[in-house]
Protein chains: 2
Amino acid sequence: MKRLWNFSAGPAVLPEAVLSQAAAEMLDWHGSGMSVMEMSHRGPQFMEILQSALEDFRELLNIPESHKVLFMQGGAIGQNAIVPLNLLKGFNSAAFVKSGSWSAKTIKEFARYGRADVVAEAREIKDDSGVRAANTYVPSIAPGSISPGSAYLHYCGNETIDGVEFKHIPDMHSLGAAHVPLVCDASSNILSRPMDVASHGLIYGGAQKNIGPAGLTFVIVREDQLDRALDVCPSAFNYRTVYDNHSMYNTPPTYAIYIAGLVFKWLKDMGGLPVVAELNRKKAQMLYEAIDGSALYVNRVRHADRSLMNVPFQLREEALNAEFLSLAQERGLTQLKGHKSVGGMRASIYNAMPIEGVEALVDFMLTFEKERA
Amino acid sequence: MKRLWNFSAGPAVLPEAVLSQAAAEMLDWHGSGMSVMEMSHRGPQFMEILQSALEDFRELLNIPESHKVLFMQGGAIGQNAIVPLNLLKGFNSAAFVKSGSWSAKTIKEFARYGRADVVAEAREIKDDSGVRAANTYVPSIAPGSISPGSAYLHYCGNETIDGVEFKHIPDMHSLGAAHVPLVCDASSNILSRPMDVASHGLIYGGAQKNIGPAGLTFVIVREDQLDRALDVCPSAFNYRTVYDNHSMYNTPPTYAIYIAGLVFKWLKDMGGLPVVAELNRKKAQMLYEAIDGSALYVNRVRHADRSLMNVPFQLREEALNAEFLSLAQERGLTQLKGHKSVGGMRASIYNAMPIEGVEALVDFMLTFEKERA
């Protein structure tokens with residue numbers, strides 16, 4: 001058995017310790033005589049697994065009592081509809097920051113349910129660096145631009161495809177919209193560093209990047225947002241219904257929750273999010289420095305807005321792309337191909353990517369450049 | 001390690017061979033250097049897993065070309081809303097058979113979207129056996145009772161809680177509604193025997209009973225039913241969108257699909273559904289004969305409609321319930337407690353329950369009765 005350094009954007013690398021434990025417990029969880037996959041979701045064993053996962057998630061993110069955690073299905077793309085279905089009662093519109101591919105998708109889906117006001121958009125602009133391409137920076141929201149009648153303000157905390165990350169959350173007070181709930185798609189940077197949960201009305205995301213297997217969706221919702229659903233909202237996706245039924249109105253994705261719970265324990269054992277954040281900063285710095293110091297590789301995202309999780313980079317000679325990917329694979333570096341809309345490469349370096357993996361990538365990049373210079 | 005005989009109604013027992021293979025492949029699938037959980041859903045390895053699962057599922061059920069298979073999320077409870085959201089365009093109502101707890105739940109959810117016409121209901125009746133309790137038989141649909149303007153006729157093929165199973169599907173021709181699509185919730189008896197897929201417009205269900213882990217939903221939809229969605233239907237749950245994107249409009253529950261694929265291979269290796277059906281018939285017969293031959297145990301479902309998958313039974317002396325469950329657990333027979341709405345016991349004997357498990361249960365039941373008689 002040989003494990004590769006896996007830079008997939010999601011589903012993505014998981015801690016080897018978690019996978020080893022899952023393998024060891026596959027046929028008999030803690031002497032129960034069953035796999036976790038075979039347990040009734042209402043039985044004492046799974047209830048313990050669920051409760052423990054919820055508590056650890058809350059502890060890691062320091063989630064205040066005012067905010068409830070739901071485990072759902074359908075991913076962030078599902079939530080693009082589920083959020084308005086849950087929050088639009090009595091409203092016609094919501095406000096959006098368009099910072100890249102994922103927020104654009106969120107805005108498009110919202111149009112089924114109401115008027116999307118795009119209050120900031122990362123268009124192509126000219127700044128002191130010359131022409132800055134679209135979706136390579138976090139656009140600013142002008143104070144006063146959020147309509148007081150907005151159901152919420154939505155932003156995507158980390159644009160997985162474009163490699164653009166919010167380092168500061170929108171300050172609703174200074175934007176003159178303190179009463180408008182702030183909603184965040186945190187799919188690809190949740191648990192990568194401490195987060196100001198209390199300032200949000202809603203945080204959601206798919207688990208398959210920084211938490212666990214695909215098929216699990218986390219929702220952190222402030223209690224006062226639980227009763228704003230439209231009548232057409234399906235019960236299985238109604239936050240109030242899911243909350244009142246302890247995330248078991250429909251059968252939850254039990255095995256995915258179990259794996260997520262193991263990941264939470266692994267993060268706690270590392271020392272929690274401050275330690276994790278420092279490691280993530282180091283990993284990203286190492287990679288961006290290699291790119292910036294090179295004549296072959298380029299990342300066009302504004303430095304202050306560069307993602308610490310997803311690092312897209314292009315080769316200045318595009319003809320080398322295929323060779324780069326093929327040699328990388330030979331060196332045990334896999335799933336580096338960039339998203340088709342951006343091209344080039346993308347290295348996703350989530351929590352579970354060890355620093356040794358980033359070192360191996362940087363080492364390969366330097367060698368590749370030297371041999372082809 | 002000791003595996004118990006697991007009679008859970010779902011999530012439920014899986015074949016030990018499948019779990020063993022999953023454990024062995026957990027850290028490195030087929031030399032890929034990755035767990036299946038860590039693979040991009042768009043990478044060649046997972047595409048192979050998905051394609052193979054789809055093909056095997058089609059082959060097992062002999063699904064005709066006219067019918068498409070989708071892998072989704074949200075379970076059958078999610079589909080209670082997703083079905084009307086997808087099929088109600090241009091319609092105000094649908095027709096329903098109310099045969100137990102699950103179909104009742106389906107009908108209740110439908111009311112968000114249209115008028116539910118209950119065309120047959122398993123009420124308490126008097127027949128040649130005396131008083132027959134509600135939800136202990138499959139009610140008959142009177143010819144002509146289905147409104148020609150119905151979007152579809154819905155039935156639940158097997159009522160998991162009540163232990164009532166349709167042995168014959170509604171014949172839409174003889175009911176005078178040949179043009180009305182037939183819709184089946186097949187969550188708990190899919191793959192338990194061959195099925196007449198071609199006569200259905202739609203078949204759906206959660207995977208966690210006879211297919212694999214919770215969090216995966218299968219949908220078998222006739223091509224002409226793909227374009228009847230309401231505008232408020234979320235894209236992630238729109239059959240046309242999911243189909244056009246090969247079940248990858250949102251990230252699919254990759255690991256659950258992988259396990260399902262292993263289960264499909266296991267069923268094929270057994271000889272396919274005719275062999276599986278014969279084994280299921282034997283298992284159920286053994287258990288019902290033990291119940292019927294006993295003075296302690298009783299199952300009140302009409303014989304012709306008894307489920308081959310879920311066998312609820314009561315102890316005539318209810319005071320013995322706790323002792324029964326406790327001694328059963330000591331004998332390695334677990335998750336036998338009945339659903340709270342029915343009481344008593346329930347033995348779910350899905351495909352993955354070996355005949356030896358049913359023999360062990362019957363043996364224990366006879367001993368328990370003898371010792372307490």
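This text follows the structure it describes.
Remember, predicted model here, so these are calculated numbers, not experimental data.

The rules behind the values
- Residues numbered from 1 in each chain as written.
- Chains lettered and ligands numbered in written order.
- Predicted model: local features only at pLDDT ≥ 70, side-chain atom pairs only at ≥ 80, totals over all residues.
- Least-squares fit on C-alpha atoms with pLDDT ≥ 70 in both.
- Pairing = 2+ DSSP bridges.
- Helix = DSSP H or I, 4+ residues; strand = E, 2+ residues; numbered from the N terminus.
- Axes fitted to C-alpha atoms, helices over the stretch in contact; angles between N-to-C directions.
- Contact = placed C-beta atoms within 7 Å.
- Buried ≥ 20, exposed ≤ 12 C-beta atoms within 10 Å, placed from the backbone.
- Nonpolar A, V, L, I, M, F, W, Y, C, P; charged D, E, K, R; others polar.
- Parallel < 35°, antiparallel > 145°, perpendicular 65-115°, else oblique.

**Notes on the relation of the copies chain B and chain A**
Stage number 1. When chain B is fitted onto chain A, the two copies agree to an RMSD of 0.0 Å after a turn of 180° and an axial shift of 0.0 Å. Given the turn and translation reported, the copies of this chain are related as if by a two-fold rotation axis. In terms of C-alpha distance to the rotation axis, chain B has B:Ala23 as its closest residue, with the C-alpha 2.2 Å off the axis.

**Concerning the sheet that holds strand β7 (residues 150-156) of chain A**
The pairing of strands in a sheet comes from backbone hydrogen bonds and takes either a parallel or an antiparallel form.
Residue and element names in this part refer to chain A.
Stage number 1. Overall, mixed pairing links the seven strands, which are arranged β2-β12-β11-β10-β7-β3-β4 in an open sheet. The open sheet is flanked by β2 (67-72) and β4 (115-121), the only strands paired with a single partner. Each strand of the sheet is rotated relative to its neighbour by a mean of 20°, with strand direction disregarded.
Stage number 2. The sheet contact formed by strand β10 (residues 182-185) and strand β11 (residues 202-206) spans three bridges and is parallel. Bridge pairing in β11 links aspartate 185 to tyrosine 204.
Stage number 3. Here helix α4 (residues 101-110) sits on the sheet in contact with β3 (93-98), β4, β7 and β10, set at roughly 160° to β3.

**Examining the sheet that holds strand β16 (residues 345-348) of chain B**
Residues and elements named next belong to chain B.
Stage number 1. The three strands are arranged β13-β14-β16 in an open sheet whose pairing can be described as antiparallel. Unpaired on one side and paired on the other, β13 (297-298) and β16 mark the two borders of the sheet.
Stage number 2. Pairing analysis gives two bridges linking β13 to strand β14 (residues 310-315), with the strands arranged antiparallel. The partner of tyrosine 297 across the bridge, within β14, is leucine 315.
Stage number 3. Helix α7 (residues 273-292) rests against β13, β14 and β16 of the sheet, and its axis sits at about 15° to β14.

**As for unusual backbone geometry**
Glycine aside, negative phi is the norm for most residues, and most peptide bonds take the trans geometry.
Stage number 1. Put simply, A:Gly10 and A:Pro11 share a cis peptide bond, and its omega is -5°.
Stage number 2. Note that A:Pro11 resides in the loop between β1 (5-6) and α1 (16-24).
Stage number 3. In this structure, A:Ser247 is a non-glycine residue whose phi angle is positive, near 60°.
Stage number 4. Residue placement: A:Ser247 occurs in the loop between α5 (239-244) and α6 (254-270).
Stage number 5. Looking at A:Ser247, the number of C-beta atoms within 10 Å reads 21, which means it is buried.
Stage number 6. A positive phi angle, close to 70°, is found at B:Leu191, a residue other than glycine.
Stage number 7. Relative to the elements of secondary structure, B:Leu191 occurs in the loop between β10 (182-185) and β11 (202-206).

**Regarding the interface of chain B and chain A**
Stage number 1. Contacts between the two partners involve 57 residues from chain B, matched on the other side by 57 residues from chain A.
Stage number 2. Counting only elements with at least two residues in the side of chain B that touches chain A, the list comes to α1 (16-24), α3 (75-87) and α6 (254-270) of chain B.
Stage number 3. Classifying every residue of the side of chain B that touches chain A by side-chain character gives 27 nonpolar, 22 polar and eight charged.

**Observations regarding the packing of α7(B) against helix α9 (residues 355-372) of chain B**
Helix-helix packing is described using two parameters, namely the angle between the two axes and the distance between the axes.
Residue and element names in this part refer to chain B.
Stage number 1. Where α7 meets α9, the axes come as close as 10 Å, and the angle between the chain directions of the two elements is 0°. In terms of orientation, α7 lies roughly parallel with respect to α9. Along the contact surface, α7 presents Leu279, Lys282, Lys283, Met286, Leu287 and Ala290, while α9 presents Ile355, Val358, Leu361, Val362, Met365 and Leu366.
Stage number 2. Here the contact of α7 with α9 is composed, by residue class, of ten nonpolar, no polar and two charged.

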